Structure formats: C-alpha cells, structure tokens
Amino acid sequence: MIRILVADAMSEEGLAPLLADPTIEVVQKKVSEVEDELDQFDALLVRSATKVTEQLLQKMTNLKIVGRAGVGVDNIDVDAATRYGVVVINAPNGNTISTAEHTFAMMASLVRRIPQAHISVKSREWNRSAFVGVELFGKHLGIIGFGRIGSEVAKRARAFGMHVHVYDPFLTKVRAEKIGVDVCTLDALLAQADIITVHTPLTKETKGLLGPKNLAKTKKGVYLINCARGGIIDEQALIPFLENGHVAGVALDVFEQEPPGDHPLLSFDNVVVTPHLGASTVEAQVNVATQVAEEVLTFLQGKPVTSSINLPTLSKDVYEKIQAFYTLARKMGILASQYMSEPVQEIAITYSGSVADLETTFITRSLLAGFLKPRVASTVNEVNAAMIAKERGIAFSEKFSANGNDYNNSITLTVYGENKTFTLKGTHIAHYGDRIVHFNGFAIDFAPEGHLLYIQHHDKPGMIGKVGNILGDHQVNIATMQVGRQEAGGKAIMMLSLDKPLDDALVETLEQISDIDVVKRLEV
Ligand SMILES: NC(=O)C1=CN([C@@H]2O[C@H](COP(=O)(O)OP(=O)(O)OC[C@H]3O[C@@H](n4cnc5c(N)ncnc54)[C@H](O)[C@@H]3O)[C@@H](O)[C@H]2O)C=CC1
Ligand SMILES: O=C(O)CCC(=O)C(=O)O
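Residues numbered from 1 in each chain as written. Chains lettered and ligands numbered in written order. Predicted model: local features only at pLDDT ≥ 70, side-chain atom pairs only at ≥ 80, totals over all residues. Heavy atoms only, no water.

(A) Quick peek at the site of ligand 1. Surrounding ligand 1, one finds 26 residues, the nearest of these being Arg148, Ile149, Asp168, Thr200 and Asp253. Asp168 has a polar side-chain atom sitting 2.6 Å from an oxygen atom of ligand 1. Within the complex, the protein chains bury 87% of what would otherwise be the 870 Å² of accessible surface of ligand 1. Its residues placed into classes, the shell around ligand 1 shows 11 nonpolar, 10 polar and 5 charged. (Near = heavy atom within 4 Å. Polar contact = N/O pair within 3.5 Å; in protein donor to acceptor, adjacent residues only side chain to side chain. Areas by Shrake-Rupley, 256 points an atom, 1.4 Å probe, with all protein chains shown as cover. Nonpolar A, V, L, I, M, F, W, Y, C, P; charged D, E, K, R; others polar.)

Right under this line is the structure:
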C-alpha cells in the first residue's frame, strides 16, 4: 500500500485522484500528529505552512516525492531533498490567475482606500471627503518579475488603460515584444512608475530588492504592492518612506515572518494587508491540489513528472520517445558497474543515430543511477545521480553522433577505472527490445536482463560443453547463450542467461576450468 501524507489543508476535490485509488492510503494530518509514522510515507503533499526541512527529510526515510500545492518552494529544502534522492514538484500555474486577480484587488484597494472606507462606514461614519482616491487609468505600472503572474497582471493593467513597464533580467526580447510591454532597466522602472508590484521568487538577488537605495529612486507618492514573497520589499526600510510620505501606500499579502505578529507596518493607515491570500480561491485550490495529486500519481506509476524542481522536466511526448533508451541506459549502467568492480574515474557516453536527436539528460541520469546503485548505500536515482557521481569524483560526459554505426540507434558507454577500461554498446530495437551488441571489445548480441553469467575464455573446441555440463550437474538451467570472439582461436566470451543465480562455489568451479580467464555474475 502506498502512503501519502497531506500535511497542509488541501482541496478534497483536487485530491480526488489519490483518494479514489484503492492502492493508496491518504493521511490528512499535520507532521506533528504522525511523528511515529514518518518513515512510512512514500509521498508528502504540502502548501506553505509545513516546512520541509533536512531534519524532516531525514526522518521520512521512505519518502520519494514532495508535492507543493502552489508555486513557491521556499518552505522546502530542495538541496537536501535532492541529496536524499527525493523529487520535488510544484503546481506552477494553478494559482496564477487568482494571484494576479488578488494583486489587482490590492491595487484597487490601495488607490481607492477601500479597506479604510469600509472600516469607517462599519464604524457608523459617513466621511466621503476622507477617502478620495486616484484612478488607475493612465497611470504607469512597474512590474518587477515578468513570469506567469507578472504577465497576467500586465494584461489586466492594460485593460484598465495603464502604461506597463517591466523589469525582468531573464525576459527574452521576443516574449516581451509578443506581449507588447515596455521592457526597461530597474532604475528606469523605479523612476517612472506610479505603482510598483513585485512578482519574482524570493532569491539572494531579490531579497531586499526594494530596499533603502532603490526606494529612494522611486517617484514621490509611489504605491507599492507585494503579493509574491515577504522580504522582496524590505519591511524595515519601508517605515521611514511611509513616515515622510514618499511612499503613498503599500499593499502586502506576504511578510518576512508569517504571521507578522505586532509588526510596526500594521500601524500605518495606508498599509493594506491580507494574510497570504493570493492563491486562496476555490478555483486555485482545486487547480493546485489536482495538479500535484495527478503528478504524484504519475510519478508513483513510474512515469516522468512535468513540473519537477530538481529533475529535468519532460513532456509526455518526449517521455514516450526516450522511455526505451532510459531503460536501456539504466541496464547498461548496472552491467558496467558490476563488471568494473574497482574505483572509476570517468564515464563517457556516446549517443549515436536517432537517440542522438533526443533529450538525453534524463537518459544519462538513468545510466548514472544504474551505475551508482550497486556502489552507494543511500537512495540513488535520477534526482541525485549526477550530484552523487560528482561527490564521488566520477566525471561524466556526453557525446553525440548522427551516425548509428550499423544500428538505427546506439548508446556506447566507456568506463575508465583505476586499472582497466570497459566498453559496452547497446541498442533498442522496436518490437524486439534492448540488446547489448558489444561487450568489453567483443561483438555479441544479448538481452541485458535477469541472471547473467559472463565467461571469458580461449576459443577452443569443447568450452561451451564443459560450462554446460557443470551447470547441468548443478541443476542450473541455461535460458539463452550467446558467444563472441575477436578471432578464431583467440579470446572469446560467452554470455549466458540463467534461470537462477549462481552461488559462490559454482563460480569457483567454473574459474578452475583451464582456458577460462574470467567468470562474472551479472544481475540486471
Ligand atoms: N501570494 C500568493 O499566495 C502567491 C504568491 N506567489 C509567488 O509569486 C511569485 C511569482 O510567481 P510566478 O509568476 O508563478 O513565477 P514565475 O517563475 O513564472 O515568474 C517569476 C519571474 O521572476 C523573474 N525574476 C527572477 N529573478 C528576478 C530578479 N532578480 N529581478 C527581476 N525578475 C526576476 C523570473 O525571470 C520570472 O520571469 C513567486 O514568488 C511565488 O511564490 C505565487 C502564487 C501565490
Ligand atoms: O498555499 C498557498 O496558499 C500559498 C501560495 C503561494 O504562496 C505560492 O503558490 O507560492
């Protein structure tokens, strides 16, 4: 039974795909309520309240995936998750519209002083002259961060007749031109904007982006909005600008500390606040919960996820194209690792023929994970394989060749060890499967699966018979056998597929046959 912990409040409708699956048990409880069972969950779903720290990940020893029902993953230690081989996914666009609409609601509230007027009327006052606002029409809106939410805010601003200026160092010219906004420098935005709204993630670069220096560059009477992450606008730095009237008003949905407690900003009449409500709509909550639930289900079915933070993302289309090579590469990694039972410094991978045109990042990671699996005690998978290889001083490289060398596609793997070099070449043939077509310098053709027995010997009459007799005497059935040699009478190999694995004693018996040089059990 798969166990999923849903640690924050989430839409039941969104979780329906998980709740309906009889192979899955969904536990909707806080982390503190299941402390004794943390090692039993396969997946963890959170919003922003639960902090997925390294300590929590250490306790969740069976965890494979963390799903964030929302955009920001600043409550998740993604580096630690990556080290532990835990996939982190989010729901990148389920709450975009809601947050853009909330930003607009905040903007309107700010310039028309709606919350203040509301409180006044509720206090049985009728003071129309105290709440004179300004129009949005014709005003200059500065948007810092022009991703999903920023661009939805821009569309709405244009409908209101506003002039939109955008600052986003990662925005391509083509995209900006397509949307038709004025892309400018941060300084130009700060100097022109009547209203500034931030829509970036909270990063080292964006923390305190609107701090004392940049606030001083804004127009007198500017309005500021933060519906992204607390800290992008420096809360302490705002205070003197509000006190001297340089900043006409601020709308905050998010805070450096949530909840903000008795924060000095809350005392200002012209600071409008909401308790992190950007994504709090029925629609957004259904959307994000559905997105993570479906992604988690997909992942648990062994298929690739499309919105991972720490894995290369794959569309269904791309996944279908690479799936066969992904499996072949994994098997090749496992074979090479077992054959090279010594320290390895470098792994070189060449993709040839049709596979060279595909997205190979995932295939390479699959190969590395297969290679590292027999060598490391901790979980190793596509999430952390490249990181673990680096940690262990194993360099890896990818090369691409349009020429498939007699095959429609092939993957060649060369492993450079301390004492020897090992080469393996595999191909995937539609309707036939994975085949290893070169093994350690020998042309051969075998399926890389099951209990394999590799024997390197001298090409002499009777060798196959001797091996067959010993295995037969010990009730070991040979399912398939392939042979290869470099030249008649020279070095030769046999690759046997057996119905059961060999024990150590039988391996020793085979090693004692004269003219046999190497006997290796390989399990795929
Ligand atoms: N208040 C709430 O409830 C919600 C808040 N959010 C927050 O809103 C923010 C934006 O979300 P999305 O638009 O979905 O993200 P996104 O990833 O689509 O867009 C972020 C944009 O910021 C830009 N950016 C990054 N560093 C920058 C820098 N130093 N200066 C200027 N631009 C920079 C990126 O190039 C990107 O275009 C995130 O912080 C997210 O966590 C999202 C949903 C709900
Ligand atoms: O879960 C929530 O409501 C917060 C949403 C949010 O901040 C995000 O998606 O980044």
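(B) Representation of the side chain of Gln285 within the structure. Counting through the fold element by element, Gln285 comes out in helix H11 (residues 282–300). If we ignore the near neighbours within four places in the chain, the residues touching Gln285 are Ser11, Arg47, Ala279 and Ser280. (Helix = DSSP H or I, 4+ residues; strand = E, 2+ residues; numbered from the N terminus. Contact = heavy atoms within 4.5 Å.)

(C) Summary view of the nonpolar core. Grouped together as the largest cluster of nonpolar side chains are 68 residues, with contacts concentrated most on Leu18, Leu45, Ile347, Ile411, Leu413, Leu424 and Phe439. For this core, the element with the highest residue contribution is helix H12 (residues 316–339), accounting for 10 residues. Residues from two domains meet in this core; each of domain 1 (2–93 + 283–301) and domain 3 (316–523) gives at least three. In this structure, Ile411 is in contact with Phe325, Leu328, Ala329, Met332, Ile349, Thr350, Tyr351, Ile363, Leu367, Leu424, Lys425 and Gly426, ignoring residues within four places of it in sequence. (Core = buried A, V, L, I, M, F, W, Y, C linked by side-chain atoms within 4.5 Å. Buried < 20%, exposed > 50% of the residue type's maximum accessible area, 1.4 Å probe, protein only. Domains from an automatic or database assignment.)

(D) Spotlight on the site of ligand 2. Taken together, the neighbourhood of ligand 2 is formed by Arg47, Ser48, Arg68, Gly70, Val71, Gly72, Asn95, Arg229, His276 and Ala279. In this structure, Arg47 approaches ligand 2 through a side-chain N or O atom, which is 2.8 Å from an oxygen atom. Contacts to ligand 2 include Arg68, whose side-chain N or O atom sits 3.4 Å from an oxygen atom. In isolation ligand 2 exposes 300 Å². Once the protein is present, 92% of that is buried.

(E) Main features of the sheet that holds strand E21 (residues 491–498). Pairing within the open sheet is antiparallel, and its 4 strands lie in the order E20-E21-E19-E22. Sheet topology places strand E20 (478–485) and strand E22 (516–523) at the edges, where each strand pairs with a single neighbour. Neighbour-to-neighbour, the strand axes of the sheet open up by a mean angle of 15 degrees, direction not taken into account. The pairing of E20 with E21 spans 7 bridges and is classified as antiparallel. Its bridge partner lying in E21, Val483 is registered against Met494. The sheet strands contacting H12 are strand E19 (451–458) and E22, and the helix crosses E22 at an angle near 135 degrees. Across the sheet, helix H16 (residues 504–511) lies against E19 and E22, angled at about 155 degrees from E22, the strand it touches most. (Pairing = 2+ DSSP bridges. Axes fitted to C-alpha atoms, helices over the stretch in contact; angles between N-to-C directions.)

(F) Highlighting the pairing of strand E2 (residues 24–27). By the bridge criterion, 4 bridges tie strand E1 (residues 2–6) to E2 in an arrangement that is parallel. Following the sheet pairing, Leu5 is matched in E2 by Val27.

(G) Spotlight on the packing of helix H4 (residues 96–112) against helix H5 (residues 114–122). For the pair H4 and H5, the least separation of the axes is 6 Å and the interaxial angle reads 65 degrees. Along the contact surface, H4 presents Ala108, Ser109 and Arg112, while H5 presents Ile114, Pro115 and Gln116. Residues of the contact of H4 with H5, tallied by class, amount to 3 nonpolar, 2 polar and 1 charged.

(H) Layout of the sheet that holds strand E8 (residues 182–183). Taken in spatial order, the 7 strands make up an open sheet running E8-E7-E6-E9-E10-E11-E12, and their pairing is parallel. A strand with exactly one partner marks an edge of an open sheet, and here the two such strands are E8 and strand E12 (271–273). Direction of pairing for strand E9 (residues 195–198) relative to strand E10 (residues 222–226): parallel, over a ladder of 4 bridges. Pairing of Ile195 across the sheet is with Tyr223, part of E10. The strands that helix H6 (residues 148–159) touches are strand E6 (140–144), strand E7 (163–167) and E9; relative to E6, the one it contacts most, it runs at about 170 degrees.

(I) Here's a closer look at H12. Here H12 is 24 residues long and its end C-alpha atoms lie 34 Å apart, about the 34 Å a rise of 1.5 Å per residue gives. Of all the bends found along H12, the most pronounced is centred on Ile322 and spans about 50 degrees. (Expected span 1.5 Å × (residues − 1). Bend = angle between axes of the 7 residues up to and from the residue.)

(J) How the structure looks around unusual backbone geometry. The omega torsion across Glu258 and Pro259 is -5 degrees, close enough to zero to call that bond cis. Within the fold, Pro259 resides in the loop between strand E11 (247–252) and E12. Even without glycine at this site, Arg113 takes up a positive phi of about 55 degrees. Note on placement: Arg113 falls in the loop between H4 and H5. One non-glycine residue with positive phi stands out, namely His276, at about 55 degrees. Relative accessible area serves as the criterion here: at 24%, His276 is assigned to the partly exposed category.

(K) Focus on the pairing of strand E4 (residues 65–68). Side chains of E4 alternate between two faces, with Ile65 and Gly67 and Val66 and Arg68 buried alike. With 4 bridges joining them, strand E3 (residues 43–46) and E4 adopt parallel strand pairing. In the strand pairing of E4, Leu44 is matched with Val66. Taken together, E3, helix H2 (residues 54–59) and E4 constitute a β-α-β crossover, and its handedness is right-handed. Pairing geometry for E4 and strand E5 (residues 87–90), over 4 bridges, is parallel. Considered in E5, the bridge of Val66 is made with Val88. Between the parallel elements E4 and E5, the chain passes through helix H3 (residues 78–83) in a crossover that is right-handed. (Right-handed = clockwise from strand over helix to strand, strands pointing away.)

(L) Focus on the pattern of salt bridges. All chains considered together, the criterion is met by 20 salt bridges. For the salt bridge of Arg156 with Glu152, the shortest nitrogen-to-oxygen distance reads 2.8 Å. One end of the pair, Arg156, and the other, Glu152, are both in helix H6, 4 residues apart, so they sit about a helical turn from each other. In this structure, Asp504 and Arg521 form a salt bridge, with 2.8 Å as the shortest nitrogen-oxygen distance. In this pair, Asp504 is assigned in helix H16 and Arg521 in strand E22, connecting sequence segments 17 residues apart. Counted as one network, the salt bridges with shared partners bring together Arg3, Glu25 and Glu37. (Salt bridge = Lys/Arg side-chain N within 4 Å of Asp/Glu carboxyl O.)

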